[in-house]
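Examining the three-dimensional arrangement
Residues per chain, in single letters:
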Amino acid sequence: MDTSSASSYVYAKASGILARSYVGERASRLFAAAKLSELWTLVFEDELPAVPEILLAKEIERASADKFIGEYKRLLSAYDEPAQILVGLLQYFDYENLKSLGAAAAMGQKERPPLFDIRPYNLLNYDAWPSIQKITQGSELEWYDHEPEVSEQQLLDNALDLQFVEKLWASSQELAGEEKESVQALIAERYLMRNIVWVLRLKLYYGMDRNQIVQRLAFLNPQNGKSDPLGGEAFAIIDKDVQNWDDWKNWKYAKYLNPREEGSVWSVDPRWVEESSEKDFIQKATKRFHARPCAPTALLCWFFIKSKELDCIRMATEALRLNVKIKEM
C-alpha cells in the first residue's frame, strides 16, 4: 500500500478505535465499575478469566497493555516503511522491558519477568535471558551491558528515560517542513510538563538539591539552560519554594496548580499538576489528531491518547483492588 493510501486507512481505523476508547468523558465509565469483573467486561470482549479476584487485577493490566500494543502494531503494519518516529514510540516498551529485566537480575531472579511483546519492532533479544549483555548487544541500548546492583537501578532507569526522549527528538529531525514543526511541538509540550512534574517530585518526595535534580532532567542540550525546549521550564522552577504561593502565582503554568484557600497552608501538589496538565495535553492531542489526519502527527497523537487510556485503566484497577475511593486514588 502506498504511503498516501496507508495514511488514509490508518486514520480511519485509528478514528474508529478512539471512538470506542475510554478517554475524555468516556473515561468516567471506567471509574464507575463496582468490581474488577465488571471492569473486565467493560474493557474487553474476551471471556472473563477464571482466576481469583486478587489475580484479576494483574490480568486486566496485562491484557489492556497487550490490547493497546496490538492495536498500534496493526496500524503500523499498514505502512511498507513507517516513519522512524512511529516505530520509536512503540519501542518505548523495549525500554520499559529492560527496566523490568534489570530489576529482576538485580534481585537474582532466574525466571524472566513478564514483558511487553512488540515483535517484530523490538530492539532487544529477549531469548538471551538471563544475560543482560546479550539481550542488549548490537542495539542502541548496548551500553546497558551488565546485571545491575540494586543501588544503581534508579540511575540506570533514569538514563533509559532520558535516552528515550532523545531518541524521539532525533527521529523527529528526519521529518520535513510543517510536519517536523508539528511533531516537535507535540513532543516538547509533553516532555516539558513531565520534566516539571519530575522536578516537583524530586524536591518534595526525595529532598534532592539543585545539582541532583538537573542530572535527572531531559534536555536537548543541558547548556541551553532555561531556553531548552524540553528542560528549560523545569530548570527555571528548581529554586522556587514549593510551599510559598507567592513564588508560583505568576508562573507561566499557574493554571495547572492545585487551588489555594486564603488563610490555609499551601504546598504545590505534583499529582494535581500532572493530572491537570495531562488533561489539557490530551485535549490538544485529540484536536491535532483530527487536524492532520494523513500525517505522522495523527498517529503520534493517537499513541499519546491511548497511553492515557491505559493509565486510566490501571488507576481504576488499583482503586478496585485496594478498595480505595477513586477521588482518594
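Residues numbered from 1 in each chain as written. Predicted model: local features only at pLDDT ≥ 70, side-chain atom pairs only at ≥ 80, totals over all residues. Heavy atoms only, no water.

**Details of a positive patch on the surface**
- Residues Lys 13, Arg 20, Lys 67 and Arg 74 make up a contiguous surface patch of positive charge.
- With respect to the helices, strands and loops of the structure, Arg 74 is situated in helix H4 (residues 53–76).
- By relative accessible area, Arg 74 is classed as exposed at 56%. (Patch = residues over 30% accessible without salt bridge, like charges linked within 9 Å, V, L, I, M, F, W, Y side chains within 5 Å. Areas by Shrake-Rupley, 256 points an atom, 1.4 Å probe, with all protein chains shown as cover. Salt bridge = Lys/Arg side-chain N within 4 Å of Asp/Glu carboxyl O. Lys, Arg positive; Asp, Glu negative; His and termini not counted. Charge placed at Lys NZ, Arg CZ, Asp CG, Glu CD. Helix = DSSP H or I, 4+ residues; strand = E, 2+ residues; numbered from the N terminus. Buried < 20%, exposed > 50% of the residue type's maximum accessible area, 1.4 Å probe, protein only.)

**Quick word on the pattern of salt bridges**
- Summed over the entire model, instances satisfying the criterion amount to 25 salt bridges.
- With a shortest N-O distance of 3.0 Å, Arg 62 and Glu 59 are connected by a salt bridge. Of this pair, Arg 62 and Glu 59 both sit in helix H4, three residues apart, roughly one helical turn.
- With a relative accessible area of 41%, Arg 62 lands in the partly exposed category.
- Between Asp 269 and Arg 271 there is a salt bridge whose closest N-O contact spans 3.2 Å.

**Looking at unusual backbone geometry**
- In this structure, Pro 120 follows Arg 119 across a cis peptide bond, with omega equal to 5°.
- Assignment of secondary structure puts Pro 120 in the loop between helix H6 (92–106) and helix H7 (132–136).
- In this structure, Pro 130 follows Trp 129 across a cis peptide bond, with omega equal to 15°.
- Among the structural elements, Pro 130 can be located in the loop between H6 and H7.
- Positive phi values are uncommon outside glycine, yet Asn 323 reaches one of about 55°.
- When its relative accessible area of 72% is taken as the criterion, Asn 323 is described as exposed.

**Some details on the packing of aromatic side chains**
- For the structure shown, the criterion picks out 20 aromatic pairs.
- Each ring, one from Phe 68 and one from Phe 93, has its centre 6.0 Å from the other, and the planes form 70°; the classification is edge-to-face. Residue Phe 68 is located in helix H4, and its partner Phe 93 is located in helix H6; the two are separated by 25 residues in the primary sequence.
- Accessibility expressed as a relative area gives 4% for Phe 68, which makes it buried.
- Residue Phe 93 is classed as buried on the basis of its relative accessible area of 3%.
- Both rings, one in Tyr 72 and one in Trp 302, keep their centres 6.0 Å apart while their planes meet at 20°; by these two values the pair is stacked. Pair noted here: Tyr 72 is in helix H4 and Trp 302 is in helix H13 (residues 296–321), with a separation of 230 residues, a long-range link. As far as the burial class goes, Tyr 72 and Trp 302 line up, both buried.
- Counting every residue linked through ring pairs, the aromatic cluster contains Phe 68, Tyr 72, Tyr 92, Phe 93, Tyr 95, Phe 116, Phe 164, Phe 281, Trp 302, Phe 303 and Phe 304. (Phe/Tyr/Trp six-rings, centres within 6.5 Å; stacked < 30°, edge-to-face > 60°.)

**Side note on the side chain of Ser 182**
- Considering the arrangement of structural elements, one finds Ser 182 in helix H9 (residues 177–206).
- Looking at Ser 182, its side chain comes within polar contact range of the side chain of Thr 297, at 3.3 Å.
- Discounting residues that sit within four places of it in the chain, Ser 182 has contacts with Arg 292 and Thr 297. (Polar contact = N/O pair within 3.5 Å; in protein donor to acceptor, adjacent residues only side chain to side chain. Contact = heavy atoms within 4.5 Å.)

**Some words on the nonpolar core**
- Membership of the largest hydrophobic core comes to 63 residues, with the highest contact counts inside it found for Tyr 72, Leu 299 and Trp 302.
- Tallying contributions element by element places H13 first for this core, with nine residues.
- Dropping the residues within four chain positions of it, Leu 299 is found in contact with Val 10, Tyr 72, Leu 75, Leu 76, Tyr 79 and Leu 86.
- Leu 192, Val 197, Phe 219 and Tyr 256 belong to the second largest nonpolar core, which has 24 residues in total. (Core = buried A, V, L, I, M, F, W, Y, C linked by side-chain atoms within 4.5 Å.)

**Side note on the confidence of the model for the protein chain**
- Per-residue confidence for the protein chain averages 92 on the pLDDT scale, and 98% of its residues sit at or above 70.
- By mean pLDDT, the top-scoring element of the protein chain is H7 (98), and the lowest-scoring one is helix H1 (residues 3–19) (90). (pLDDT = per-residue confidence, 0-100.)

**Quick look at the environment of Tyr 191**
- Mapped onto the elements, Tyr 191 comes out in helix H9.
- Tyr 191 sits in the buried class, given a relative accessible area of 11%.
- When the C-alpha positions of Tyr 191 and Leu 230 are compared, they lie 6.0 Å apart, and in sequence the two are 39 residues distant.
- Every residue in contact with Tyr 191, bar those within four places of it in the chain, is listed here: Phe 164, Val 165, Leu 168 and Leu 230.

**Quick word on the packing of helix H3 (residues 36–43) against H13**
- Orientation of H3 relative to H13, taken along the N-to-C sense of each, is 160°, at an axis distance of 10 Å. Considering their axes alone, H3 and H13 lie roughly antiparallel with respect to each other. H3 and H13 meet at a crossing whose hand is left-handed. Residue-level inspection shows Leu 36, Leu 39 and Val 43 of H3 in contact with H13, the latter providing Ile 313, Ala 316, Thr 317 and Leu 320. (Axes fitted to C-alpha atoms, helices over the stretch in contact; angles between N-to-C directions. Parallel < 35°, antiparallel > 145°, perpendicular 65-115°, else oblique. Left-handed = near helix turned anticlockwise from the far one by under 90°.)

**Description of the environment of Ser 131**
- With respect to the secondary-structure elements, Ser 131 resides in the loop between H6 and H7.
- For Ser 131 and His 146, which are 15 residues apart along the polypeptide, the C-alpha to C-alpha distance reads 7.6 Å.
- Here Lys 134 takes part through its backbone nitrogen, which lies 3.1 Å from a polar atom of the side chain of Ser 131.

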